[in-house]
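Structure assessment
What follows is the residue order along each chain.
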Amino acid sequence: MEQHFEKKSWWNTIIEMPFSIKIAVLWISLMIFVGLFANFITPYDYQEMDLLNRLKPPIWMEEGMWTHLLGTDDLGRDVLARIIESIRISLFVALAGTLIGATLGTSIGFAAAHFKGWVDHVIMILIDFQAAVPFLILALAVLAFFGNSFLLFVIVMGIYGWEQYARIVRGLALSANTHGYAVAAKTLGASPIRLYFRHILPNMASVIIVNMTLNFPETILVETSLSFLGLGIQAPMTSLGNMVGFGRDYLLSAWWIALIPAIVIFLTSLAFSLLGDWFRDKLDPTLKGT
Amino acid sequence: MSITSIGIRIIRAFFTVFLLVTFVFVILRLSGDPAIQMLGIDVDPSALAAFRERWGLDKSLWEQYFSYLINLTQGDFGYSFIGDRPVWDVVVERLPKTLALMGLTTILTLGIGITAGIYAALNRNTAADRITMGISVASFSLPNFVVGIFLILIFGVMLRWLPTSGSETALHYVLPVLTMATADAAIFARFSRSAMLEVLSSPFMRTARAKGLLWSQAVRRHALPNASIPIITIGGIYVGRQIAAATITENVFAWPGIGQLLVLSVENRDLAVVQCIVILVGVTMVITNLLVDIAYGWIDPRTKKEA
C-alpha cells in the first residue's frame, strides 16, 4: 500500500486530493509564504503608529481607508502589518516547538527501548505523569516560576507533546529491535546511535511525520492560548493570540482587532487538522475514521 | 478487577502525586531565590534575611523539603503574598464557580456529543453523517478563546442578548458554558461515532439480528452498552481538557473561578497560589484516571480475567 503511494508522482497525489484538502494545502501554503516573506509583503512596520488614524475599520466598511486595508488598532497600528508579523512569529514558535518536541521525544523513546530495565520504568512513569497533567497548567507553572523570555517560551512549547513521540517511538523501536535488519546491523557492529538513527529511524519516519503534522496545530493552539492570556509572546513582539487578547477589550468599538486574527487561527488550525487526518488515513488505512 | 490490581493502581497513584509534589518543589527551588524574586535585588539585606526566616528559606534544602511535605499533608499551602491570606482559603472560595461551570459543561458536552456521534454512526455515509462530522472537525479546531470571542461578538455585541463578563445571574452562565462545550462535544462526537461503528460491525450484532431482534432492539440492548465502554476511557483526557478550557474561558468572560486566579497569580508571581493550584489539578487528574481505570475494569468483564 505504502509503496504504491510513493510511486505516484507529486502531481497525481495533488490531483487525487479531496477538495477540502486542496483548500487546506492552499491556505497552509499561503501562511508559509506570508511567514517567510513577511518583511517584503508587509505594508508598514508592525510597530509603526499612525496616531491620526486610530481604530479605523477595514476597507469594506464605511470609514475604511485604502492606506489601512484591515483597519488600525487603538494605537493606530496597521492590523494587516500586525497580522503578517503575528503569522510569522506564531508559525516560527510552532515549528520550533514541534521540531524540539519530536527530537526530544524520539531520543527519549529510543533510550527507553535501548536501556530497558529501570530506565524504561522511569521514562514510562514520566510519560504517564506528563499525559496526566494538562500541559497548559504545567506551562503556566513553569512561566510563573521562571519568568518569561522568548527563548524559555519556545523551549516550553518544545516540551509540549514529547510524551506522544516517546510512547510511539519506544513501542516501534522495541519491535524493530527484533527485526532482521536491526539484528543484522547490530551484528555487523553498528553503534547504538548509528543503529537507532540510521537504521531504525528511517523505518518509522512516516509515523513520526504524521504525529508532527497533528502536533503542529496543537502547538499553535497552546501558543496562541498562552499569548491570549498575556503569558506567552510578550510585547513588543506580537502573536495571533496576543492580538486577540488585546482586541478583546475593543470588541464593542473595534471588533476587527480581535476577529481577524481569530479567523486566521481558526482557518490555520482547521487546515492542519484536515491535512493531518488525511495524511494519517493515507499512510495507515486501518486507522480510517478513528 | 481484583483487589490486588486495584491496590497496585492506588499505590501508583500515590507515587504520581508524590512525584508531582516533588517536581513542583524542585522547579520552585530551581527558579532562583524567592526572597530576591519577591522583594527585588535593591532591597535592604536585613529585609531579605527576615523574609527568608519567615518562609523558612534559611534552612537546608532537605529540611525545607520535609517541612514542605509535612505542611502539605496538613493542608497547609502557605500564604498568598498578595493579601497575606492562607492560600487554601483563597483557592477554595473560588472553587464552586469553576465546578459549576464544569458541571454544566459536562452535561451539555455529553448530551450533544454522544447523541451526535451515535446519530452519525447509525446514519453512516449519509449527508447527515458528513455534516455532523464536518461540524465536529471544525469545532475541534477552534481554540476556546476564539469560540469565546465569536460568541461575545454575536450574542453580546450584535444581538445584545447575553452578558459577557461576570457570573452574577443564570444568564451569565450561557456563553462560558457554550464556549467550553464546543471543542469537547466535538471530541465525544468523533469518539462515540467510531466506537459505535466498531460495535455495529461486530459479530454479536449479526447474532442479535439472526435470533430475531429488531434493528432498534439490537442497537439498544447490544450496541449501545458495548459502545459505552470505550467512551469511558476518554474520561481522564476529558477532565484534563476541561481544566485547561476553564482556565482560558474564565479569563475570556472575567469569571471569578480558579482559572482566573491561576492566570492572575502567574502574572503577579504569587508562587504559593500557583503551586497549590498545580497540585490540586494534579491530584484531581490522578484520582480521575484511577476512577476511570477501576470503572473500566468493573464495566468490561473481559478485563477481569486478565487481571
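Presented here is an overview of the structure given in this document. Being a predicted model, the structure only gives us computed values, none of them experimental.

1. Some remarks on the overall build of chain A
- Looking only at helices and strands, chain A features 13 helices and zero strands.
- Listing each helix as α and each strand as β along chain A from the N terminus yields α-α-α-α-α-α-α-α-α-α-α-α-α.
- A total of 290 residues make up chain A; the buried ones form 43% of that total.
- Considering only intrachain contacts with a sequence separation of at least 6, the fraction spanning at least 24 residues in chain A is 68%.

2. Brief notes about the overall build of chain B
- Tallying secondary structure elements over chain B gives 15 helices and zero strands in all.
- For chain B, the spread of C-alpha atoms along the principal axes amounts to about 85 × 60 × 30 Å.
- For chain B, with 307 residues in total, the buried portion stands at 33%.
- Sequence separation of 24 or more characterises 72% of the internal contacts of chain B that already satisfy a separation of 6 or more.

3. Points about the environment of S273(A)
- Structurally, S273(A) is set in helix α13 (residues 256–283).
- Residue classification places S273(A) among the buried residues on the basis of 21 C-beta atoms within 10 Å.
- A C-alpha to C-alpha distance of 10.0 Å links S273(A) and I21(A), two positions 252 residues apart in sequence.
- Apart from residues no more than four positions distant in its own chain, S273(A) is found in contact with P217(A), V137(B), F140(B) and S141(B).

4. Structural notes on the interface of chain A and chain B
- The partner chain B presents 41 residues to the 37 residues of chain A that form the contact.
- For the side of chain A that touches chain B, the secondary-structure elements that each account for two or more residues are α6 (117–132), α7 (135–146), α11 (192–228) and α13 of chain A.

5. Points about helix α10 (residues 180–187) of chain A
- Among the eight residues that make up α10(A), zero are buried, leaving the element largely open to the surroundings.
- Backbone geometry just downstream of α10(A) places G189(A) in the positive-phi region, at approximately 95°.

6. A few points about the packing of helix α5 (residues 79–115) of chain A against α11(A)
Residues and elements named next belong to chain A.
- Two elements in contact, α5 and α11, have axes whose closest approach is 7 Å; the angle formed by their N-to-C orientations is 140°. In this view, α5 runs oblique relative to α11, as classed from their interaxial angle. When you trace α5 past α11, the crossing you get is right-handed. Residues S90, V93, A94, G97, T98, G101, A102, T106, F110 and H114 of α5 lie in contact with α11, whose contacting residues are P192, Y196, I208, M212, N215, F216, T219, I220, E223 and T224.

7. Some remarks on helix α1 (residues 3–30) of chain B
- Relative to the 40 Å expected for 28 residues at 1.5 Å per residue, α1(B) spans 40 Å between its end C-alpha atoms, a close match to the ideal helical length.
- For α1(B), the set of buried residues is T16(B), L20(B), V21(B) and V24(B).
- Lining the buried residues of α1(B) we find α6 of chain A together with α4 (61–73) and α14 (271–299) of chain B.

8. A look at the nonpolar core
- With 137 residues, the main nonpolar core has I137(A), L140(A), A141(A), V244(A), V273(B), V274(B) and I277(B) as its most contacted residues.
- Ranked by residue count, the leading element in this core is α5(A), at 16 residues.
- Every residue in contact with A141(A), bar those within four places of it in the chain, is listed here: I27(B), V274(B) and V278(B).

Quick notes on the rules
Residues numbered from 1 in each chain as written. Chains lettered and ligands numbered in written order. Predicted model: local features only at pLDDT ≥ 70, side-chain atom pairs only at ≥ 80, totals over all residues. Helix = DSSP H or I, 4+ residues; strand = E, 2+ residues; numbered from the N terminus. Buried ≥ 20, exposed ≤ 12 C-beta atoms within 10 Å, placed from the backbone. Contact = placed C-beta atoms within 7 Å. Axes fitted to C-alpha atoms, helices over the stretch in contact; angles between N-to-C directions. Parallel < 35°, antiparallel > 145°, perpendicular 65-115°, else oblique. Left-handed = near helix turned anticlockwise from the far one by under 90°. Expected span 1.5 Å × (residues − 1). Core = buried A, V, L, I, M, F, W, Y, C linked by C-beta atoms within 7 Å.

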